[in-house]
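The residues making up each chain are set out below.
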Amino acid sequence: MELKILIFKLFFIIIFTLFINNLHSAEIIGGIARVIDGDTIHIKNNKIRLHGIDAPEHLQKCLINKKKWNCGIEATKFLKNLIKKKSIDCEIKDIDKYNRFIGICFLENLNINQTIVRSGWAIAYRYYSKDYIVDEEFAKINKSGIWAGEFEEPYSFRKKNR
């Protein structure tokens, strides 16, 4: 009986140790980022899609007062201005079907993903995450970025323009 208890304790300690190590071993990709569009960057040879957000496509247009404007280009500019060729760190959460890393990126302590949504240059991508819904509501209320007018949700735009 004591041997069974000892084996159980040993098994528990091994499982617990593996669990704790996995919590602290998230892959981090860091460096100077090159902005591809409002929710995608490159760091070195790594293409990283920002987790939980969906920004207008580069060529996507939005409406303000019934006039078209280049909201996709503006979303890209926002991210470029936010990063300003500084070193960032991205905590990798997954790899998508296009073989891109999915990450939450930080400029020092600033969550870049959250900042983009809160500033109105991307929506909370609810299909994959509910992380930034509060930030989206903040942008909506303040009519920030794309919320200043009308827009098609980026995933709908992509689907129609394939």
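Here the structure is shown first, and the text comes after it.
Residues numbered from 1 in each chain as written. Predicted model: local features only at pLDDT ≥ 70, side-chain atom pairs only at ≥ 80, totals over all residues. Heavy atoms only, no water.

Enquirer: Talk me through unusual backbone geometry; I want residue IDs and the actual numbers.
Expert: One non-glycine residue, Asn 65, lies in positive phi territory at about 50 degrees. The class of Asn 65 is exposed, set by a relative accessible area of 72%. If you check the backbone angles, Lys 143 has positive phi at about 50 degrees while not being a glycine. Examined against the element boundaries, Lys 143 turns out to sit in the loop between helix 4 (133-141) and helix 5 (154-160). What makes Lys 143 exposed here is its relative accessible area of 56%. (Buried < 20%, exposed > 50% of the residue type's maximum accessible area, 1.4 Å probe, protein only. Helix = DSSP H or I, 4+ residues; strand = E, 2+ residues; numbered from the N terminus.)

Enquirer: So, the state of the cysteines: which residues are in play, and what are the values?
Expert: For the structure shown, the criterion picks out 2 disulfides. Each sulfur of the disulfide joining Cys 90 and Cys 105 lies 2.1 Å from the other. Judged by the sign of its S-S torsion, about 110 degrees, the cystine formed by Cys 90 and Cys 105 is right-handed. In this pair, Cys 90 sits in strand 7 (residues 87-95) while Cys 105 sits in strand 8 (residues 101-107), placing the two residues 15 residues apart along the sequence. For the protein chain, numbering the cysteines in disulfides from first to last along the sequence yields the connectivity 1-2, 3-4. (Disulfide = S-S within 2.5 Å.)

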